Amino acid sequence: MKAGEMITRPFRIYSGLERSIYVLFFARIINSLGFFVYPFLTLLLTNKLGYSAKDAGVILMICSTSFVPGSLIGGKLSDHIGRKKLLVTAQLCSAACFLSCAFLKNQQLIPFFIIGAEFFMGVVHPTSQAMVFDLSRPENRKAAFSLLYLGHNIGFAVGPLLAGFLYNNHTKWLFAGDAITTFISVMLVILLVAETKPDSEQLRASMAEAELGGNSSEHAVEGSVFKVLFQRPILLWFVFLVMLLNFVYAQMSFSLPIFMNDTFGSDGPMLFGSAMSFNAVVVIAGTTLIISATKNMKPILATALTAVLYAFGFGAIFFAKTFALIIITVFIWTTGEILGATNIDVFIANHTPMSHRGRINSIVPIIMGTGQALSPFLVGGFIEIASVEMVWPLCFILAMIAAAGFTVMYFSDKKKDRKQPDAGQTLQNS
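Residues numbered from 1 in each chain as written. Predicted model: local features only at pLDDT ≥ 70, side-chain atom pairs only at ≥ 80, totals over all residues. Heavy atoms only, no water.

A. Just a nonpolar patch on the surface, in detail. On the surface, Leu92, Trp173, Ile180, Phe183 and Ile184 cluster together to form a nonpolar patch covering roughly 470 Å² of accessible area. The element contributing the most residues to the nonpolar patch is helix α8 (residues 171–192), with 4 residues. (Patch = residues over 30% accessible without salt bridge, like charges linked within 9 Å, V, L, I, M, F, W, Y side chains within 5 Å. Areas by Shrake-Rupley, 256 points an atom, 1.4 Å probe, with all protein chains shown as cover. Salt bridge = Lys/Arg side-chain N within 4 Å of Asp/Glu carboxyl O. Helix = DSSP H or I, 4+ residues; strand = E, 2+ residues; numbered from the N terminus.)

B. Fine view of the environment of Ala402. Position of Ala402 relative to the elements: it lies in helix α17 (residues 391–419). Exposure remark for Ala402: the relative accessible area of 0% places this residue in the buried category. Here Ala402 is in contact with Leu241, Leu244, Leu245 and Ala307, once residues within four sequence places are set aside. (Buried < 20%, exposed > 50% of the residue type's maximum accessible area, 1.4 Å probe, protein only. Contact = heavy atoms within 4.5 Å.)

C. Molecular detail of the packing of helix α7 (residues 141–167) against helix α13 (residues 268–293). Between α7 and α13, whose axes approach to 9 Å, the crossing angle comes to 170 degrees. Taken together, the axis directions place α7 and α13 in an arrangement best described as roughly antiparallel. Taking contact as the criterion, the partners of Lys142, Ser146, Tyr149, Leu150, Asn153, Ile154 and Ala157 in α7 are, on α13, Val283, Ile284, Thr287, Thr288 and Ile291. Of the residues that constitute the contact of α7 with α13, the class distribution is 7 nonpolar, 4 polar and 1 charged. (Axes fitted to C-alpha atoms, helices over the stretch in contact; angles between N-to-C directions. Parallel < 35°, antiparallel > 145°, perpendicular 65-115°, else oblique. Nonpolar A, V, L, I, M, F, W, Y, C, P; charged D, E, K, R; others polar.)

D. Here's a closer look at the nonpolar core. By size, the foremost hydrophobic cluster in this structure holds 92 residues, and its most contacted members are Phe238, Phe314, Ile326, Trp333, Ile348 and Phe406. Contacts of Ile348, omitting those with residues within four sequence positions, involve Phe133, Leu235, Phe238, Ile360, Val364 and Met368. By size, the runner-up hydrophobic cluster in this structure holds 27 residues, among which are Leu45, Ala56, Ile115 and Ala163. (Core = buried A, V, L, I, M, F, W, Y, C linked by side-chain atoms within 4.5 Å.)

E. Representation of the confidence of the model for the protein in the model. Here the protein averages 89 in pLDDT, and 94% of its residues register 70 or above. When pLDDT is averaged over each element of the protein, helix α14 (residues 299–315) comes out on top at 97 and helix α18 (residues 424–429) at the bottom at 43. For residues 421–429, every residue scores under 50 in pLDDT, and the model assigns this stretch 15 contacts once sequence neighbours within four places are set aside. (pLDDT = per-residue confidence, 0-100.)

F. Seen up close, the packing of aromatic side chains. Inspection of every chain in the model, using the stated rule, returns 16 aromatic pairs. Relative to Trp333, the ring of Tyr249 lies with its centre 6.0 Å away and its plane at 85 degrees, an arrangement referred to as edge-to-face. Highlighted residues: Tyr249 in helix α11 (residues 233–249) and Trp333 in helix α15 (residues 323–350), separated in sequence by 84 residues. This pair shows no difference in class: Tyr249 is buried, exactly as Trp333 is. An angle of 10 degrees between the planes, with centres 6.5 Å apart, marks the rings of Phe314 and Trp392 as stacked. You can see Phe314 sitting in helix α14 and its partner Trp392 sitting in helix α17, a full 78 residues away along the chain. Trp392 shares its class with Phe314; the two are buried. Linked through ring pairs, Tyr249, Phe259, Tyr310, Phe314, Trp333 and Trp392 together constitute an aromatic cluster. (Phe/Tyr/Trp six-rings, centres within 6.5 Å; stacked < 30°, edge-to-face > 60°.)

G. Summary view of the side chain of Arg357. Mapped onto the fold, Arg357 is located in helix α16 (residues 357–385). A relative accessible area of 7% means that Arg357 is categorised as buried. Once you skip the residues sitting within four places of it in the chain, Arg357 turns out to touch Asp79, Arg83, Ala130, Phe133, Asp134, Arg141, Pro198, Glu218 and Thr352.

H. Seen up close, the packing of α11 against α15. Where α11 meets α15, the closest approach of the two axes is 12 Å, and the angle between their N-to-C directions is 155 degrees. As far as their axial angle goes, α15 and α11 are roughly antiparallel. Viewed along their axes, α11 and α15 form a crossing whose handedness is left-handed. Contact residues: α11 offers Ile234, Leu235, Phe238, Val242 and Tyr249, while α15 offers Trp333, Glu337, Ile344, Phe347 and Ile348. (Left-handed = near helix turned anticlockwise from the far one by under 90°.)

I. Structural context of the side chain of Ser71. The topology assignment puts Ser71 in helix α4 (residues 53–80). Those residues within four positions of Ser71 in sequence are excluded, and the remaining contacts are Gly122, Val123, Pro126, Asn361 and Ser362.

Set out below in structure tokens:
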């Protein structure tokens, strides 16, 4: 095999996708390239606007909370009025909020506009996810989601760096730059992406196919989103186990900097930043290779492997007393991050009715995100009782519980499939 072919071979998984997926890939790069405000939001509130750390924390909490109603509204509307028009409208509103911040004379109004921007980004998330579900099929969803994940990380690897140069002397351009890149990415969607929401005829045909004995979990159904979720216990169990994984993953930004500060003293913050840069490099360099190597692995098994990698990656930090060992642990759990970022979305897509894609994508991330939201509060109390070193054995135990849960789910579904030979599609999609 020639060297050139060895390099290009992993990228073949991205061939044959819908054109709109490639457009969304470039749109995500541009949008993430302008991700200026949020990485510096704490500094903006405290250093530039004069808020105390306590008041800044309250504002950040409100920002995070405002995402939830936006997501619920976005999920509902995207299933009824369409994906494209809602995505475009919400992103333009978010950009308008940031652009307003650049020209406000009363800077104390800036937090209100940032909260508004976060609300509209809440609308965007389920709408964007539903669009990707519409544009992909079970056999190419890993490629679609991994390509978009790669696009986000390519942009994000550069965006905060640019924002760092703008922060001190050109603060207004943090807001204006975020707004401009959002506008450019929206123009790509307006010009090159068609509406993806299934029309009424497609929904009726899907329901008729289900009545004739079709066994796809993506068939359209009637009823509320909660009825749909409770009719799919495998999806509910999966989501709650992912919540446990998110609890573990949150230690990357909460417990790890504390641990490195305690272990390496004054060099801790600098080394932590280096470890996060290494994480970004592994994501960008490794996403295509890892997803290509695991393209035939069932999403639920890949997620189980994610849990195992989290267990050993975060758990091994307990023994990491040198920076070299820290880097090894980062590589292990970042590999799990790449697997999870793609396969979790694929599993959810494969078990979501085409009639409820927006609404499922509004509810499910809230449940899964609870683990990350509660983690600082619960682990902070744990550290006071025990120590930051004991967080890592706890991470190992929690991640292995999740891994066991995913494995049990896989074999349970496989056993069910043997009893129902005509349900091969269910097994394939799991």
